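One letter stands for each residue in the lines below.
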Amino acid sequence: MQDLPEGTVVLTEVESADLMDRMFQLRCACEDLRTAITEGEDAAELVRMSEDLVSAARRAERLR
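In short, a report on the structure.

1. Quick word on the environment of D21
- Position of D21 relative to the elements: it lies in helix α1 (residues 13-38).
- Sequence separation between D21 and A60 is 39 residues; the distance between their C-alpha atoms is 8.5 Å.

Have a look at this one:
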């Protein structure tokens, strides 16, 4: 087996797919919030959506 460079992160196919799913959810939450802002959604809904965005970002930052 070949040595990997220091700092290399290796993910299984399942872990990689899970990470990509979380990144997709994060992008969708960003797009939804942008759409809500441009469509003049009320402040309470924007707060709720921004909380969803933060939650999606927290999930996305996990590697495993």
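Now, onward.
2. Regarding the side chain of R22
- Following the sequence through the fold, R22 ends up in helix α1.
- Given the relative accessible area of 5%, R22 is considered buried.
- Reaching out from R22, the side chain makes a polar contact with the backbone oxygen of R59 at a distance of 2.7 Å.

3. Considerations on the nonpolar core
- L26, A29, L33, A36, M49, L53, A56 and A60 together form the largest nonpolar core, which totals eight residues.
- Residue assignment for this core shows that the elements contributing at least two residues are α1 and α2 (43-60).
- Beyond its immediate chain neighbours, meaning those up to four positions away, A36 contacts E41, L46 and M49.

4. Comments concerning α2
- When the terminal C-alpha atoms of α2 are compared, their 25 Å separation across 18 residues agrees well with the 26 Å that a helix rising 1.5 Å per residue should span.
- Residues of α2 that are buried include every one of M49, L53, A56 and A60, and no others. For α2, the angular spread of buried residues about the axis comes to 65 degrees, placing them on one side. Opposite its buried face, α2 presents the exposed residues A43, A44 and R58, each directed more than 90 degrees away.
- If you follow the buried residues of α2, they end up packed against α1.
- A side-chain oxygen of the first residue of α2 lies 3.1 Å from the backbone nitrogen of A44; this N-cap is D42.

What counts, and at which threshold
Residues numbered from 1 in each chain as written. Predicted model: local features only at pLDDT ≥ 70, side-chain atom pairs only at ≥ 80, totals over all residues. Heavy atoms only, no water. Helix = DSSP H or I, 4+ residues; strand = E, 2+ residues; numbered from the N terminus. Buried < 20%, exposed > 50% of the residue type's maximum accessible area, 1.4 Å probe, protein only. Polar contact = N/O pair within 3.5 Å; in protein donor to acceptor, adjacent residues only side chain to side chain. Core = buried A, V, L, I, M, F, W, Y, C linked by side-chain atoms within 4.5 Å. Contact = heavy atoms within 4.5 Å. Expected span 1.5 Å × (residues − 1). Arc of directions from axis to C-beta.

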